[in-house]
Every structure is written in C-alpha cells, then in structure tokens.
Amino acid sequence: MAHIHDLTALEQAAAVRTGELSPVEIVEHYLERIERLDAGVGAFVTVTAQRALDQAREQEARIAAGDAGEHPPLLGVPVPIKDLNFVKDVPLYFGSATYEGFVSPVDDSVVERLREAGTVMLGKTSTPEFGLPCYTETYVSEPARTPWDTGRSAGGSSGGAAAAVAAGLAPVAHGSDGAGSIRIPASVCGLYGIKPSRGRISFAPIVPDLAGLSTNGPLARNVADAAALLDAMAHHNPGDLYHAPPPALGSFSAYVGRDPGRLRIARFAEPAVPGAEVHPDVLAAYESASAALEALGHEVEEIAPPFGPDIVPEFVKLWFGFSCIHPVSKELEPKLRPLTAWLRERGHALTAPEFLHAQSALQLATRFAMLVTDTYDAVLSPTVTQPPVPVGWFEDVDSPEETFERMKRFAPFAAIYNVSGQPAVNLPLHWTPGGLPVGVMLAGRYGDEGTLISLSSQVEASVGGFWGDRRPPVW
C-alpha cells in the first residue's frame, strides 16, 4: 500500500469508510511528518495535536459503533485552517505578534462546515501579518517555504497552507484569497487552488465581507480533492452581503471528469501594473498552457487585458484601507512589521470619500471588463510574473514602499479577479529547467466554478496522473 500521504484526500476518506484506514492512523501519520519536516517548510504556526487525535478517536468510535446514517464525505481527512480564521479555543495570531495570547472565542462558519464534512483539524497554517503581503514571513513563525526549494518563498497569504499540502503535511488545506492569496502560493508550490466566486463561502460570524475582495477556498494536489473541499466549504449566512448561485449540477464534484465541450478561451499576458515584467519561464508556461488547451480542441483567442493600469492606484487605496481592519492598540504598534505599519499609516490617512471613490472606480472598471470576459468560457493568463523567489527577496530593499512595489510587480494578474469577484484557479502545469513550479491561471464567469473545474479536470487528465505526479524533494 502507498504511504498515507501519497493518497489523495478522497482516497483517504474512502479508505476510512471501508475500514482500510482509521482516522487515528491518518492523523498520527501527518503529525509525525509535521514534527519531522515542518521546521524546514514553515507551514504551521500552531499544531493542535491533541485536539486532532481527540477528533479522530471520536470518529473512530462512531465508526466502530456502526453509527447509523451516511458517513460525511471527508470523514477522517485532515484539513488545517489558515491562521486568519477563527477556530474556537485555539490561538489566533493573524500572522502578527500584536495578537500573541489571543484565543478565538468562536468558530468561523466555514470551520463548522468543514467539521460537519468529517474533517480533522491538524492546526493553523502560517500567514503573513493580517494576510496583507504575498509572501509569508512574520514575527510569530518561521517563513513559509516552497518544498520544491526551501530557500524560496511559498508565497502568501496562504503560504503555510500551500507549503503543508505540497510537502505532504496535509492532504488538502483551507486557504483564503483577497488579492491572489490562494493562487499565488499554489503557483509557487505546484498545487491546484480555487478562488471561488464572491459570496460562495461566508465569512460569518465576525469577519466582514465589505468590498468582497476576499474569499475562503481550497488548496489541493488535484482537481477532485479541491472540488470536494469546495463542496464542504460553500455556504452562506443571514447578513452576508454577497451570495453566489449554487452549482447547476448540484455540486462542484459533479463537474470533475465531465467533458466541458469545446470552449472559447481568451488569453492575455500583459500585466496591469506598470513596470511589471513577465519572466521567460512564466511566458513559457503560458504558451505551453495555450497549446495544451488548443490540443484539447478549445478555441484560444488573444485579447487586450480586460483591466488596465488605471485600476491599480484605486485598488491600492482599498488595500491601504483594509490594512486597518484589525484593531491594534497604540502600545502594541511597535510589534508590527515595517510593511504593515507603512500600509496602516496610509490607510488611516485615507478619507472616506477617497475610499468610496476608489471602490466606485473599481466597480465601473469591472462592468466594462465583464463585457469582454463574459463572452468567453474562460480567460487564461499567468498567475504570477516570476518563478518562486528567495525567502527575504521582497524585503531586500530600502523601504516598505519598495517592498510593496515588488509585491505589485510580482502578482499583478491575480488581484483583478478579486476586484471583479469572478472565480479563478491556478493550474500547476509547468516546471522550470531547475525544477521550480510555475502555474497559469484560468478565470471564469461569475458563479461558474463548474466550467473551470471540468476544464481543469480535462487538462489534468491530459498531462497524466495528478499533474504528472510530480513530488518535491521533501516528499
């Protein structure tokens, strides 16, 4: 039999249902790997070993007792939670030393849904301070590193989640995405990640949805696991500002392996951020993906970028404003990282009219962009502009402002779909000659994750196994 971490999440759940594996065996296997390997990849900020074992033993007892009723779909599958989300009675740092000692008073509703689906929480994955940077380097945990080269960053803000899955420390992981924070780490860690449509997954009861930039979503090694995790996470609550329509086939998993038909796919590789340059390895990935889509019978057509550079300063204003959402007392402000302090200084200086005008400008740009993108079934672009960069690269400059400029030039493609609310996925299709992963991104019509999933599944099958069954050295 393969090692437990070689199995997909769905294979693990199936083995639990048949009695081939127990939830305790699975949890113990991953806890051993975390203890042995996590120091090298920085995936976890908190490991909840006893809690995970208690959950697994409870599940095992129910199975042994022949508990009546259908087993939940992900019974016994470990799923760590990103450390921007509330898990009752578990420390919550938000990636910041200013929240040391804080313990979540409640569960986020997405955490409740994952528990109801039968998953077991191994712990909290590392995230940058307040989820603001696109790299995961903090004062409360080790840097999150891509397992393909642990001298390089796992991206952010779901950097710990991606590192955990790519290193085989968890079969799948919960993430979130406000400006590419699922897709960026998926690209640099060689994973499949889904940013769902705006309103697909509630942030209740505490976290506001406001402009709708951010959403929870799954990170996985393959499409089927990601779709199953999205099924478990998708829900809405009274008071949510946004509500995405349910999948036409009743579940996202129903789209896995389904022939998408011949699709019209637009493509562009010109970044909206002035001065951003696309690395030759990234362009190679983009061209290779275009050719693969055409070989599958799809029509691929070049378009002008749907969003132009005029939206960048407006998005930046929103980012300044949202950097101030987390309350930090004056006496704790010296514990903030320089980039966070710089962002919050500008956020506090932003006037309400400036913020509202920025949001209005972004909505206007979205209306015009969707007149173009909605005429296609999907839109292809790079996910990021470079292969994985060294740990410390973003801050190897003279000021937080320069760090922020590097962030903008590294990830100019992903955030446009946080502005529009459209679903988007990272496909782990390409590796550099040096063995570093480079993803490409597909975006779809609002509410139509199904087409992206069926198309992704078709592409995955065409490359053999799960994206060629590649594994990093730490595997």
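Whatever comes next refers back to the structure up there.
Note that the coordinates shown come from a computational prediction; the quantities given were computed from them, not determined experimentally.

So, how was this worked out
- Residues numbered from 1 in each chain as written.
- Predicted model: local features only at pLDDT ≥ 70, side-chain atom pairs only at ≥ 80, totals over all residues.
- Heavy atoms only, no water.
- Patch = residues over 30% accessible without salt bridge, like charges linked within 9 Å, V, L, I, M, F, W, Y side chains within 5 Å.
- Areas by Shrake-Rupley, 256 points an atom, 1.4 Å probe, with all protein chains shown as cover.
- Salt bridge = Lys/Arg side-chain N within 4 Å of Asp/Glu carboxyl O.
- Lys, Arg positive; Asp, Glu negative; His and termini not counted.
- Charge placed at Lys NZ, Arg CZ, Asp CG, Glu CD.
- Helix = DSSP H or I, 4+ residues; strand = E, 2+ residues; numbered from the N terminus.
- Buried < 20%, exposed > 50% of the residue type's maximum accessible area, 1.4 Å probe, protein only.
- Pairing = 2+ DSSP bridges.
- 1 Å grid on protein atoms, 1.4 Å probe; cavity = no way out; pocket = protein on both sides within 12 Å on 5 of 7 lines; lining within 4 Å.
- Points joined across faces, edges and corners; volume = space filled by probe spheres on them.
- Disulfide = S-S within 2.5 Å.
- Axes fitted to C-alpha atoms, helices over the stretch in contact; angles between N-to-C directions.
- Polar contact = N/O pair within 3.5 Å; in protein donor to acceptor, adjacent residues only side chain to side chain.
- Contact = heavy atoms within 4.5 Å.
- Parallel < 35°, antiparallel > 145°, perpendicular 65-115°, else oblique.
- Nonpolar A, V, L, I, M, F, W, Y, C, P; charged D, E, K, R; others polar.
- Phe/Tyr/Trp six-rings, centres within 6.5 Å; stacked < 30°, edge-to-face > 60°.
- Lys NZ or Arg CZ within 6 Å of the ring centre and 35° of its normal.

A. Inspection of a negative patch on the surface at higher detail. A cluster of acidic residues, Asp-396, Asp-398, Glu-401 and Glu-402, forms a negative patch on the protein surface. Here Glu-402 lies in helix 12 (residues 400-410). Since its relative accessible area comes to 35%, Glu-402 is described here as partly exposed.

B. Highlighting the sheet that holds strand 1 (residues 44-47). Taken in spatial order, the three strands line up as 1-3-2 in an open sheet, and their pairing is mixed. If you trace the sheet from one side to the other, it starts and ends with strand 1 and strand 2 (81-82), each paired once. Relative to strand 3 (residues 123-125), strand 1 runs antiparallel, the two being bridged by three bridges. In the strand pairing of strand 3, Thr-46 is matched with Lys-124.

C. Geometry of empty space enclosed by the protein. Summed over all chains, the structure comprises seven cavities of 30 Å³ or more. The space that makes up the largest cavity amounts to roughly 310 Å³. In terms of lining, the largest cavity is formed by 21 residues, of which the most central are Ala-179, Phe-315, Lys-408, Ala-411 and Ala-415. For the lining of the largest cavity, the secondary-structure elements that each account for two or more residues are helix 9 (312-322) and helix 12.

D. Looking closely at the state of the cysteines. Under the definition given, this model contains zero disulfides. Cysteine Cys-134 shares no disulfide, and the gap to the nearest cysteine sulfur, in Cys-189, comes to 13 Å. We classify Cys-189 as buried; its relative accessible area is 1%.

E. Looking closely at the pattern of salt bridges. Scanning all chains against the criterion turns up 20 salt bridges. Here Asp-83 ties to Lys-124 by a salt bridge, and the two come within 2.9 Å at their closest N and O atoms. Taken together, the residues span a long stretch of sequence, with Asp-83 in the loop between strand 2 and helix 4 (109-116) and Lys-124 in strand 3 at a distance of 41 residues. Exposure remark for Asp-83: the relative accessible area of 1% places this residue in the buried category. Glu-395 is paired through a salt bridge with Arg-337; the nearest N and O atoms lie 2.9 Å apart. Remark: Arg-337 occurs in the loop between helix 9 and helix 10 (338-349) and Glu-395 occurs in the loop between strand 9 (378-382) and helix 12; sequence separation between them is 58 residues. Judged by relative accessible area, which is 32%, Glu-395 ranks as partly exposed. Owing to a relative accessible area of 10%, Arg-337 belongs among the buried residues under this scheme. One continuous salt-bridge network, built from bridges that share partners, spans Arg-267, Glu-287 and Glu-302.

F. Summary view of the sheet that holds strand 11 (residues 437-443). The strand order across the open sheet built from eight strands is 4-6-5-10-11-9-7-8, with neighbouring strands paired in mixed fashion. Looking along the sheet, the strands with just one partner apiece sit at the ends: strand 4 (172-177) and strand 8 (299-302). On average, adjacent strands in this sheet sit at an angle of 25° to one another, irrespective of strand direction. Where strand 7 (residues 264-267) lies against strand 9, three bridges are found, and the strand directions are parallel.

G. Quick look at the side chain of Glu-449. Take Glu-449: it is sitting in helix 14 (residues 449-463). Reaching out from Glu-449, the side chain makes a polar contact with the backbone nitrogen of Ser-197 at a distance of 2.7 Å. Ignoring any residue separated from it by four or fewer positions in sequence, one finds Glu-449 in contact with Pro-196, Ser-197, Arg-200, Leu-230, Phe-252 and Pro-423.

H. Region of interest: the pairing of strand 4. Of all the six residues making up strand 4, six are buried; the element is thus mostly covered by neighbouring parts of the structure. Residues Val-172, His-174 and Ser-176 line one face of strand 4 and the alternating positions Ala-173, Gly-175 and Asp-177 line the opposite face, and both faces are buried. Note that strand 4 and strand 6 (residues 215-220) share six bridges and pair antiparallel. Residue pairing in the sheet places Ala-173 in a bridge with Leu-219 of strand 6.

I. Examining helix 7 (residues 223-233) more closely. For helix 7, the tally of buried residues reaches nine of 11 residues, placing the bulk of the element in the interior. Among all positions of helix 7, only Val-223, Asp-225, Ala-226, Ala-227, Ala-228, Leu-229, Leu-230, Ala-232 and Met-233 are buried.

J. Representation of the packing of helix 7 against helix 14 in the model. Where helix 7 contacts helix 14, the axes come no closer than 9 Å and their chain directions differ by 160°. With respect to helix 14, the element helix 7 is oriented roughly antiparallel. Contacts between helix 7 and helix 14 pair Val-223, Ala-227 and Leu-230 from the former with Glu-449, Ile-453, Ser-456, Ser-457 and Glu-460 from the latter. Classifying every residue of the contact of helix 7 with helix 14 by side-chain character gives four nonpolar, two polar and two charged.

K. Expanded view of the packing of aromatic side chains. One pass over the structure, following the stated rule, counts 16 aromatic pairs. With a centroid separation of 5.8 Å and 85° between ring planes, the pair formed by Tyr-99 and Phe-102 is classed as edge-to-face. An aromatic cluster is present here, built from Phe-86, Phe-94, Tyr-99, Phe-102 and Phe-130 joined pairwise through their rings. When the ring centre of Trp-475 is taken as reference, the NZ or CZ atom of Arg-33 above it lies at 6.0 Å. The ring of Trp-393 carries Arg-406 above its face, with NZ or CZ at 4.3 Å from the centroid.

L. Fine view of the packing of helix 10 against helix 12. Interaxial distance between helix 10 and helix 12 falls to 9 Å at its minimum, and their mutual angle equals 90°. The orientation of helix 10 relative to helix 12 falls into the category roughly perpendicular. Contacts between helix 10 and helix 12 involve Pro-338, Leu-339, Trp-342 and Leu-343 from the first element and Pro-400, Glu-401, Thr-403, Phe-404 and Met-407 from the second. Taken together, the residues of the contact of helix 10 with helix 12 break down into seven nonpolar, one polar and one charged.

M. Spotlight on the side chain of Thr-366. Within the secondary structure layout, Thr-366 lies in helix 11 (residues 352-373). If we ignore the near neighbours within four places in the chain, the residues touching Thr-366 are Phe-307, Val-419 and Ser-420.

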